[in-house]
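# Structure assessment
Next come the chains, spelled out residue by residue.
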Amino acid sequence: MGRGLLIRVGGRVAVIMPLSTLSGRAHAPQCETVSPQVGWDSLSASCRMAHMTLADFARRMPKAELHVHLEGAVRPETLLQLSRRNNIPLPATTLEELQSWYRFTDFANFVDVYLTLSECIHTIEDIELIAREFLKGQAAQNILYSEVTYTAYTHYIQKGLVFEEQLAALNRARAWGEEALGTQMRLIIDIPREVPADEGRMTTEWAIGAMGDGVVGLGLGGPEGEHPPEKFAEAFVMAQQAGLPCVPHAGETAGPNSIWSALRTCSAVRIGHGVRCLEDPALVEELRERQIPLEVCPTSNVCLGVVADLESHPLPQLIAEGLRVTINSDDPTLFDTTLTDEYLKIAAGFGFDRQDLQGLVMNAVHASLLDPGEKATMIESFESQLVTIHGTSSSGMA
Ligand SMILES: [Zn+2]
């Protein structure tokens with residue numbers, strides 16, 4: 001029997017036991033020890049199972065991510081480089097200083113930091129660079145599919161970058177990611193809540209014009225309580241008429257009313273976060289009945305004070321309520337996390353096992369905005385990778 005893996009979650013150390021322990025399977029006595037001479041790939045399926053810890057499984061399993069912001073995923077090293085190259089001073093000039101700049105006092109502070117770092121992404125070439133680096137990071141985690149939220153409006157208003165050129169840069173990176181790394185990306189163009197209604201309409205027109213060219217959804221982000229979505233009602237009707245799905249943030253820093261508005265005004269097909277739905281049983285019922293997926297981002301919720309710590313995160317309750325939950329990193333470098341880290345943390349923090357994790361992964365694939373044919377291919381590819389890893393498959397948990 002192998003030793004458990006120690007990982008740190010919310011300031012405490014947890015032990016993840018090997019899968020062989022968790023599932024009660026005996027360690028196959030004839031199995032070789034994994035070593036540089038006897039690599040993982042050369043082991044038989046039963047030996048892989050015997051050796052594999054839950055952490056190994058979380059790292060190796062194919063993943064899909066539906067809620068991740070490109071600007072919030074810029075590598076810290078790249079951000080410092082862009083700041084110097086573009087002569088845009090930041091309040092941080094070293095990695096250590098960046099880390100403390102990324103300790104947020106509240107959501108308003110987070111938005112300030114976000115807008116400041118967006119200034120450093122100054123040219124079309126910078127956009128392509130951060131998109132390529134993002135895709136490398138996703139591929140390294142075996143994330144086969146990402147729906148990336150991108151705030152084209154900010155780069156247009158700050159630097160005058162034309163939307164079509166921004167899109168072309170993202171699509172060059174997207175094609176490269178698919179060809180060279182085997183990871184797919186689609187785009188969600190979001191409206192920042194604080195902009196005037198006509199600029200929300202302009203953003204929506206951009207997104208509609210780019211359907212079929214990488215864009216699969218319209219998002220809504222920014223300060224939630226102060227800026228309900230009704231201001232953009234016309235834009236959401238335009239999107240709906242064009243067949244562009246809306247996936248707004250809601251129920252993160254504001255309560256159930258914000259999620260009701262997202263459903264009614266935006267015709268939301270998924271909710272970004274949505275964790276505060278639990279404050280309203282009627283809303284929970286609505287989300288469960290319609291199986292509206294929630295894009296849950298545990299570490300983000302801790303870093304922005306939505307919950308006090310991971311232990312008090314409502315993820316287990318959301319799942320117990322029968323809601324369709326997906327796991328996401330939101331702004332991984334700003335919250336010092338990755339999608340793999342999110343799975344490791346929830347496994348340790350809530351005692352999730354391999355079946356739970358792969359159920360959450362398959363929920364994300366099913367909740368993606370791929371068209372039905374692409375989705376069927378993606379599901380097949382995930383299931384075949386899962387079979388290769390441990391010999392069974394899953395069709396989702398919620
Ligand atoms: Zn977000």
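Before reading on, note that the structure itself is shown above.
Reading the values: the criteria
Residues numbered from 1 in each chain as written. Predicted model: local features only at pLDDT ≥ 70, side-chain atom pairs only at ≥ 80, totals over all residues. Helix = DSSP H or I, 4+ residues; strand = E, 2+ residues; numbered from the N terminus. Buried ≥ 20, exposed ≤ 12 C-beta atoms within 10 Å, placed from the backbone. Contact = placed C-beta atoms within 7 Å. Pairing = 2+ DSSP bridges.

### A short note on the overall build of the protein
Tallying secondary structure elements over the protein gives 18 helices and 10 strands in all. Taken across its 398 residues, the protein has 46% of its residues classed as buried. Across the protein, the fraction of contacts at a sequence separation of at least 24, relative to all contacts at a separation of at least 6, is 73%.

### Remarks on the environment of glutamine 99
With respect to the helices and strands, glutamine 99 occurs in helix H5 (residues 95–101). Glutamine 99 gets classed as exposed once you count the C-beta atoms within 10 Å, which come to 12. Along the sequence, glutamine 99 and threonine 333 sit 234 residues apart, while their C-alpha atoms lie 9.4 Å from each other.

### A word on the sheet that holds strand E8 (residues 271–273)
Taken together, the four strands give an open sheet; going across it, the order is E7-E8-E9-E10, and neighbouring strands pair in parallel fashion. Where the open sheet ends on each side, the last strands, each with one partner, are strand E7 (249–250) and strand E10 (325–327). Pairing analysis gives two bridges linking E7 to E8, with the strands arranged parallel. Along E8, the bridge assignment pairs alanine 250 with histidine 273.

### Comments concerning the environment of aspartate 126
When you line up the elements, aspartate 126 lands in helix H7 (residues 124–140). For the pair aspartate 126 and alanine 169, spaced 43 residues apart in sequence, the C-alpha separation works out to 9.0 Å. Once residues lying within four places of it in the same chain are set aside, the contact partners of aspartate 126 are Leu82 and Ile121.

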